[in-house]
Amino acid sequence: MNDANRAHAGLYPAPAIVVGGLTPGDGPLRGLAADLDAIADLAIDRDRLTRLHAARRVALARLGRSSLTLGDRWIDWAPVGLALALALVTSWTLLSDNAQSLDADLLADALPFDAYLDAGFQRAVGGDAVELLEN
Amino acid sequence: MRHPLACGVLCLSLAALAAAPALARNAAWNGLSPGDQAILRPVEKQWNDLPDEARARLLKLARRYPDLSPEQQARVRQRLADWAQLTPEQREQARRNFENLRRLSPEERSRLRQRWLESGPGADEALSP
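All of these numbers come straight from a predicted model, not from anything done at the bench.

### Topic: the overall build of chain A
At step 1: Within chain A one finds five helices and zero strands.
At step 2: Along the chain direction, N to C, the helices and strands of chain A fall in the order α-α-α-α-α.
At step 3: Within chain A, buried positions represent 21% of all 135 residues.
At step 4: For chain A, the proportion of contacts with a sequence separation of at least 24, taken over those separated by at least 6, is 0%.

Put into structure tokens, the structure is as follows:
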């Protein structure tokens, strides 16, 4: 018996009718796809929402947890962590760069650095400068 | 490893944080470029004994040196050796006072500089109200 005869005799399943990439045998997937479409359209009716909640409970029960932890969702937080780490490193680099540039400015300044070690000068720049200049 | 991306981020951050001090730590006098050596010649003898932070700052100064005016370059050359002789506390005090001065208005800054230059070092009386 060739394949055509087998199919005709019902020994093979009925030919697949492809609709939207799914075949009639893909019932659960079809339901999931419909749910996802509904989510995408923001048109979730109560039944679908209930099914989604139930599916979530089942999935979490299989994981043995009552909710997803941060560790389970690390992939969601990785970009945030990366951005924070880069921001920290950039800030640290800029601060360090500014601090290190200070010596060049100080040594190239018109005043000798002795001035900045002078007690009277220190008092003057430390808050007394305005009174000093006014007197 | 469960979180390879997170570990990667952590490693990258730590490597970046360690990079700057590492540059200064590895910068023995003989490892400096001829250009940096020429600028930092006044501190050559002290160089290998300087703390990493001081070396990093001096290296930064050497990199900025070409951007300074000839007058500023002359001042840096003249003061560099004395600057390196200061204790870390003295250098920190000078930086703090320099930053405080920079926070004043340009007019106040200029007048205060002028008064210090006229009265010279140990000018407590001249600078006191």
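### Side note on the environment of Gln73 of chain B
All names here are of chain B.
At step 1: Residue placement: Gln73 occurs in helix H5 (residues 70-85).
At step 2: A relative accessible area of 18% means that Gln73 is categorised as buried.
At step 3: Taking the C-alpha atoms as reference, Gln73 lies 9.3 Å from Ile39; in sequence the two are 34 residues apart.
At step 4: Sequence-distant contacts of Gln73, that is, excluding residues within four places in its chain, are made with Tyr65, Pro66 and Leu68.

### So, the nonpolar core
At step 1: In this structure, Tyr116 and Phe121 of chain A together with Leu40, Trp47, Leu58 and Trp83 of chain B are the most contacted members of the largest nonpolar core, which totals 38 residues.
At step 2: Looking at this core, the elements that each hand over two or more residues are helix H4 (74-108) and helix H5 (119-134) of chain A together with helix H2 (34-40), helix H4 (52-64), H5, helix H6 (88-103) and helix H7 (106-119) of chain B.
At step 3: Excluding residues that lie within four positions of it along the chain, Tyr116 of chain A makes contacts with Leu106, Asp109, Leu111 and Phe121 of chain A together with Gln93, Ala94, Asn97, Phe98, Leu101 and Arg113 of chain B.

### Notes on the confidence of the model for chain A
Residues and elements named next belong to chain A.
At step 1: Predicted confidence across chain A gives a mean pLDDT of 70, with 50% of residues reaching 70 or more.
At step 2: In the model, residues 6-11 has pLDDT below 50 throughout and makes five contacts with residues more than four positions away in sequence or in other chains.
At step 3: Overall, residues 127-135 carries pLDDT values under 50, and its contacts beyond four positions in sequence, including any with other chains, amount to 17 contacts.

### Quick notes on H4 of chain B
At step 1: Taking 1.5 Å as the rise per residue, H4 of chain B with 13 residues should run 18 Å; its terminal C-alpha atoms sit 18 Å apart, in good agreement.
At step 2: Burial in H4 of chain B covers these residues: Ala54, Arg55, Ala56, Arg57, Leu58, Leu59, Lys60, Leu61 and Ala62 of chain B.

### Considerations on the environment of Leu106 of chain A
All names here are of chain A.
At step 1: Mapped onto the elements of the fold, Leu106 is located in helix H4.
At step 2: Classification of Leu106 by relative accessible area gives buried; the value is 0%.
At step 3: On a C-alpha basis, the gap between Leu106 and Tyr116 in space is 9.2 Å, while along the polypeptide they are ten residues apart.

### What about a nonpolar patch on the surface?
At step 1: Together, Trp77, Val80 and Leu84 of chain A make up an exposed nonpolar region whose accessible area comes to about 310 Å².
At step 2: Tracing the chain through its elements places Leu84 of chain A in helix H4.

### Details of the pattern of salt bridges
At step 1: In total, this model carries twelve salt bridges over all chains according to the counting rule given.
At step 2: The closest approach of N and O atoms between Glu44 of chain B and Arg41 of chain B, which form a salt bridge, is 3.3 Å.
At step 3: For Glu44 of chain B, a relative accessible area of 33% puts it in the partly exposed group.
At step 4: For Arg41 of chain B, a relative accessible area of 43% translates into the label partly exposed.
At step 5: The network of salt bridges with common partners includes Asp103 of chain A together with Glu53, Arg57, Glu92 and Arg95 of chain B.

### Side note on H5 of chain B
All names here are of chain B.
At step 1: In a regular helix each residue adds 1.5 Å, so 16 residues correspond to 22 Å; H5 covers 24 Å between its end C-alpha atoms and thus fits that length.
At step 2: Of all the bends in H5, the greatest, near 45°, is centred on Arg79.
At step 3: Of the positions making up H5, those classed as buried are Gln73, Arg75, Val76, Arg79, Leu80, Trp83 and Ala84.

### What to know about the side chain of Arg79 of chain B
At step 1: Along the polypeptide, Arg79 of chain B turns up in helix H5.
At step 2: Buried charge without a partner: Arg79 of chain B forms no salt bridge, and the closest opposite charge is Asp109 of chain A, 5.9 Å away.
At step 3: For Arg79 of chain B, the side chain forms a polar contact with the main-chain oxygen of Leu111 of chain A, separated by 3.3 Å.
At step 4: Residues in contact with Arg79 of chain B, not counting those within four places in the same chain, are Leu106, Leu107, Ala108, Asp109, Ala110, Leu111, Pro112 and Phe113 of chain A.

### Considering the packing of aromatic side chains
At step 1: Applying the stated rule across the entire model yields five aromatic pairs over all chains.
At step 2: Here the aromatic rings of Phe113 of chain A and Trp83 of chain B are separated by 5.3 Å at their centres, their planes lie at 70°, and the arrangement is edge-to-face. Placement of the pair is Phe113 of chain A in the loop between H4 and H5 and Trp83 of chain B in helix H5, with the two residues belonging to separate chains. Each of the two residues, Phe113 of chain A as well as Trp83 of chain B, counts as buried.
At step 3: An angle of 65° between the planes, with centres 6.1 Å apart, marks the rings of Trp29 of chain B and Trp47 of chain B as edge-to-face. Placement of Trp29 of chain B in the loop between helix H1 (4-26) and H2 and of Trp47 of chain B in helix H3 (residues 44-47) is noted, with a sequence separation of 18 residues between them. Summarising the burial analysis for this pair, Trp29 of chain B and Trp47 of chain B share the class buried.
At step 4: Here a set of aromatic residues connected by ring pairs shows up, and it is made of Tyr116 and Phe121 of chain A together with Phe98 and Trp116 of chain B.

Reading guide: rules and limits
Residues numbered from 1 in each chain as written. Chains lettered and ligands numbered in written order. Predicted model: local features only at pLDDT ≥ 70, side-chain atom pairs only at ≥ 80, totals over all residues. Heavy atoms only, no water. Helix = DSSP H or I, 4+ residues; strand = E, 2+ residues; numbered from the N terminus. Buried < 20%, exposed > 50% of the residue type's maximum accessible area, 1.4 Å probe, protein only. Contact = heavy atoms within 4.5 Å. Core = buried A, V, L, I, M, F, W, Y, C linked by side-chain atoms within 4.5 Å. pLDDT = per-residue confidence, 0-100. Expected span 1.5 Å × (residues − 1). Patch = residues over 30% accessible without salt bridge, like charges linked within 9 Å, V, L, I, M, F, W, Y side chains within 5 Å. Areas by Shrake-Rupley, 256 points an atom, 1.4 Å probe, with all protein chains shown as cover. Salt bridge = Lys/Arg side-chain N within 4 Å of Asp/Glu carboxyl O. Bend = angle between axes of the 7 residues up to and from the residue. Lys, Arg positive; Asp, Glu negative; His and termini not counted. Polar contact = N/O pair within 3.5 Å; in protein donor to acceptor, adjacent residues only side chain to side chain. Phe/Tyr/Trp six-rings, centres within 6.5 Å; stacked < 30°, edge-to-face > 60°.

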